[in-house]
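A structural walkthrough
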Amino acid sequence: MNKIKKLLLSALLSVTFMSPVFADPHEKLSVKTSTLKEFRELCGLLEGRWNTDILWINEWPGANAVRGETVKGHAKVTRILDGAALEMKSMQGAEESAWRLYYHSSTSQIRSLYLTSGGTVGYGTLFKISATEYGEKVDGAQKGGGVITGDIKWVFSKDGRSFMLRSKNIKLDGKPLGELKDLYKKVSP
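Analysis parameters
Residues numbered from 1 in each chain as written. Predicted model: local features only at pLDDT ≥ 70, side-chain atom pairs only at ≥ 80, totals over all residues. Heavy atoms only, no water. Helix = DSSP H or I, 4+ residues; strand = E, 2+ residues; numbered from the N terminus. Buried < 20%, exposed > 50% of the residue type's maximum accessible area, 1.4 Å probe, protein only. Contact = heavy atoms within 4.5 Å. Phe/Tyr/Trp six-rings, centres within 6.5 Å; stacked < 30°, edge-to-face > 60°. Pairing = 2+ DSSP bridges. Salt bridge = Lys/Arg side-chain N within 4 Å of Asp/Glu carboxyl O.

**A closer look at the overall build of the chain**
Within the chain, the secondary structure is distributed over 2 helices and 12 strands. Across the chain, helices and strands are ordered from the amino to the carboxyl terminus as α-α-β-β-β-β-β-β-β-β-β-β-β-β. Of all 189 residues assigned to the chain, the portion counted as buried reaches 39%. Partitioning the intrachain contacts of the chain with sequence separation of at least 6 by distance along the chain shows that 43% fall at a separation of at least 24.

**Side note on the packing of aromatic side chains**
Two descriptors summarise a pair of aromatic rings, namely the distance from one centre to the other and the angle between the planes of the rings. With the rule as written, the count across this model stands at 7 aromatic pairs. Pairing F156 with F163 gives two aromatic rings, centres 5.0 Å apart and planes at 35°, and the pair type is tilted. The exposure classification of F156 matches that of F163, with both residues buried. An aromatic cluster is present here, built from W50, W99, Y134, W154, F156, F163 and Y184 joined pairwise through their rings.

**Comments concerning the pairing of strand β4 (residues 95-104)**
Every second residue of β4 is oriented toward a common face, the buried set being E95, S97, W99, L101 and Y103 and the non-buried set E96, A98, R100, Y102 and H104. Two strands pair when backbone bridges link them, and strand β3 (residues 85-92) and β4 are joined in this way by 8 bridges, in the antiparallel orientation. Looking at the pairing, K89 lines up with A98 of β4. Where β4 lies against strand β5 (residues 109-116), 8 bridges are found, and the strand directions are antiparallel. Residue pairing for β5: S97 is matched across the bridge by T116. Where β4 folds back on β5, the antiparallel hairpin that results is connected by 4 residues, among which S108 adopts a positive phi of roughly 55°.

**Quick look at the pattern of salt bridges**
It is possible for side chains bearing opposite charge to pair when their charged atoms get close. Under the defined criterion, the tally for this structure stands at 7 salt bridges. Linking K72 and D53 is a salt bridge whose minimum nitrogen-to-oxygen distance equals 2.8 Å. Linking K72 in strand β2 (residues 70-80) with D53 in strand β1 (residues 48-55), this pair joins segments that are 19 residues apart in sequence. A residue is classified by how much of its surface remains accessible, and K72, at 64% relative accessible area, is exposed.

**Section: the environment of K168**
Locating K168 in the fold gives a position in the loop between β9 (162-167) and β10 (171-172). Taking the relative accessible area as the measure of exposure, K168 reaches 47% and is therefore partly exposed. It is 8.9 Å that separates the C-alpha atoms of K168 and K181, two residues lying 13 residues apart in sequence.

**Focus on the pairing of β2**
Residues in a regular strand project their side chains so that they alternate between the two faces of the sheet. Note that β1 and β2 share 8 bridges and pair antiparallel. Pairing of N51 across the sheet is with H74, part of β2. Note: β2 against β3, 8 bridges, orientation antiparallel. Bridge assignment links T78 to a residue of β3, and that residue is E87.

Quick look at the structure:
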């Protein structure tokens, strides 16, 4: 029985250390678990008001988006429900969006829900990669039913005053969209 336990532990450790999270930053990320402490750290990084430069990677419904065009925007991120969740409300171009981030204790995951005025909906699972990087596995749909999939890296500056959302594998109905590189610059606090 002891040999079986050792073999199972060895296999588990091998799978853990070969995880794609440690691969190239633009390859698909595997979804990992997170701690409540990591959720709170992410909330601390995101709280505040932000100016945004959003590069449209698609002609998103309701956004008057032109693929390849960069639009300016603003976002406000606040903790809600006594710190149990984080809410972002933003405006970019003609689009309004709302985003909720929360900790799912039974799965030990940081999860998100994203909605836009144009009917796009997205779900994500986030996890900490390093002190300045978080990964996010996303899926969703745009108005009319197009399926959105991909992986995003949230890359924060060392001083926490800016971050980028980066990806080269966001797809709509299996077809690659452009490179995601949205920039957020903190206004306050």
